[in-house]
Amino acid sequence: MRLKIHHSAIILILLFFGVKGQLRAQIEQPVRAEIEIAWDESVYNIISLKKSGVLLIRQVLNNLSSMKDRDWEIVRYDTDLKEVWKSTFVEDVSFQLFGYDHRGRYAYLLYKRGENRDANLILKRITVETGEVESFDFSSVVEMEITYFETLNNKIILGGYYNNKPVVAVISLATKLAVVLPNVFNENADLIDIKIDELNNVFTVLVSEREENKNYTIAVKNFNEEGDLINDTRIDTDPDKTLISGKVTALDAMGQRIIGNYSNKKNYASQGFFIANLKMDGTQTIDYHTYGDLNNFFSYMPPNRRDRMMRKYRSKDNGRTALLNQRMILSNLVPTQNGHIVVATGYQPLFTDRNPNMARRYQYFPNRFGTDFMPMQQQVNAYRYEFASIIAFDNEGKLLWDNVMELRDKELPSLEDFVYVYPEPYRTIMMYMSENEIVYQVVNKNELIEPKTYEEVALEYEEDKIRSFTFEIEGLQHWYDEYFFAFGVQRIRNREVEEVENDRKVFYINKVVYR
């Protein structure tokens, strides 16, 4: 059931029935920043600076922009969403913003021109305190099709492919020299993830590598900031298991934990989670959990369907268990008091016909039989998201609890994780944006505390009325401590407040907290 909060109605009901005590926790949006923008502007990015605020990056269209160049504006806001400084720079119109990162004193913007492996690269380094912008040209430093961009101290780390083989390179901002990492370039391998460890000045590269039995496992490779190999460990898998994705913790005194999805060797759709524990003494353990064996994996479904799925996919006493095939995308790991949390989002692609002469016909192909191919006459047009499964595990890699949030109101043109969580000692808040509403759910380990609830994005004035919003340019992220921020583009009408335009288009940032 879709719940919607109306605060005045709740208070009246409580007063009418004489309810005493505190009101239940709810979403608050204490402050909002609005930036009025031109009607044809469409390029915006937000970078969280944690307790230093946020950066807004926008491509500005004005009369001073030439056909060759584009003006870019960077604005820093503090945690009360008050403007701290504003900087501008000009860049060639052929360069597009490709990636960004924030580490300590600096934020980084990577611009790219071209799509192939010899694309030109320009890096902008922004000093968070002052807004100073420095530019670095890396057009002739490295050749690869870039898929990952990270930074560590005075280095940038690029991951991608050269001739269909994975490559990771470390580039010094001081010398502009690139070091290609050893033990990554492999014909039968894929790059899975790059994890930065600022505390120890190291980073971890996860690579999918094919074994002799033609299954795939994950190699965990640790490097220092110079690109020197520190450790290279392969996860030992069962003969009938293939590891297809993974997220890794930072290296600590106990070693590292990796959580991801696995399948069997005949099926590359995921059938469950694995949690591997790589210890400092070189030993390792791995546990597998089918989706059916999780406590709440089917809890988002209607009762009748949930019961059918549990009967079919829960482990049987005779050991014969049907395996559910599910497409999943993993979020980055979130630290907790005694371990980590990961959010795994289940999705299905929406296909449309490739032939432009045919009627525009959309089809939905659930993947339930292990087939993960796409008919040649169709292509993926968008992704329909089904649920977000939250998995908690301890520092020894043992599964602690799981819960789930239904997502059937969400479709996106790209594949991405968008559900953010904030763990507290006695509850975990799950939150995302959908069509100008903040959607949240609260769980306590395996229990549901507050069901999925919708809260409209708060506006600047009571008299404001939403004319339209751009769902492609809206989102929500965890910010710092218990705070999140929501952002997007809205067209607003206000005929009563004199100091604002009757009709305005704004990019907004709202501070959000669940109390």
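Structure: see above.
Residues numbered from 1 in each chain as written. Predicted model: local features only at pLDDT ≥ 70, side-chain atom pairs only at ≥ 80, totals over all residues. Heavy atoms only, no water.

Asker: What am I meant to see in the side chain of asparagine 296 here?
Answerer: With respect to the element layout, asparagine 296 can be found in the loop between β24 (284-290) and α2 (303-313). Within the structure, the side chain of asparagine 296 is placed 3.0 Å from the side chain of serine 299, a separation counted as a polar contact. In this structure the side chain of asparagine 296 is engaged in a polar contact, spanning 2.8 Å, whose partner is the backbone oxygen of aspartate 402. Non-local contacts of asparagine 296, meaning those with residues more than four positions away in its chain, are made with Asp402, Asn403, Val404 and Asn446. (Helix = DSSP H or I, 4+ residues; strand = E, 2+ residues; numbered from the N terminus. Polar contact = N/O pair within 3.5 Å; in protein donor to acceptor, adjacent residues only side chain to side chain. Contact = heavy atoms within 4.5 Å.)

Asker: Looking at this structure, how should I read the sheet that holds strand β8 (residues 96-103)?
Answerer: Working definition: the strands of a sheet are paired by backbone hydrogen bonds and lie parallel or antiparallel to each other. Strand order in the open sheet formed by four strands is β8-β9-β10-β11, and the pairing between neighbours is antiparallel. The open sheet has two edge strands with one neighbour each: β8 and β11 (133-137). The sheet shows a mean angle of 20° between the axes of neighbouring strands, direction not considered. With eight bridges connecting them, strand β9 (residues 106-113) and strand β10 (residues 120-127) associate as antiparallel partners. Bridged to leucine 109 within β10 is lysine 124. (Pairing = 2+ DSSP bridges. Axes fitted to C-alpha atoms, helices over the stretch in contact; angles between N-to-C directions.)

Asker: What am I meant to see in the environment of phenylalanine 89 here?
Answerer: Position of phenylalanine 89 among the secondary structure elements: in strand β7 (residues 83-92). Among the residues examined, phenylalanine 89 registers a relative accessible area of 9% and is labelled buried. A sequence separation of 30 residues divides phenylalanine 89 from glutamine 59, and the C-alpha atoms of the two residues are 10.0 Å apart. The residues contacting phenylalanine 89, other than those within four sequence positions of it, are Arg70, Asp71, Trp72, Ile74, Leu109, Tyr111, Lys124 and Val133. (Buried < 20%, exposed > 50% of the residue type's maximum accessible area, 1.4 Å probe, protein only.)

Asker: Looking at this model, I keep getting lost on the packing of aromatic side chains. Mind explaining?
Answerer: The geometry of an aromatic ring pair comes down to the distance between the two centres and the angle between the two planes. Tallied over the full model, the rule gives 23 aromatic pairs. Geometrically, the ring pair formed by phenylalanine 273 and tyrosine 291 is edge-to-face, given 5.4 Å between the ring centres and 90° between the ring planes. In this pair, phenylalanine 273 sits in strand β23 (residues 272-279) while tyrosine 291 sits in the loop between β24 and α2, placing the two residues 18 residues apart along the sequence. Here phenylalanine 418 and tyrosine 432 contribute two aromatic rings whose centre-to-centre distance is 5.5 Å and whose plane-to-plane angle is 65°, an arrangement assigned as edge-to-face. Of this pair, phenylalanine 418 sits in the loop between β30 (399-412) and β31 (420-424) while tyrosine 432 is found in strand β32 (residues 427-434), placing the two residues 14 residues apart along the sequence. (Phe/Tyr/Trp six-rings, centres within 6.5 Å; stacked < 30°, edge-to-face > 60°.)

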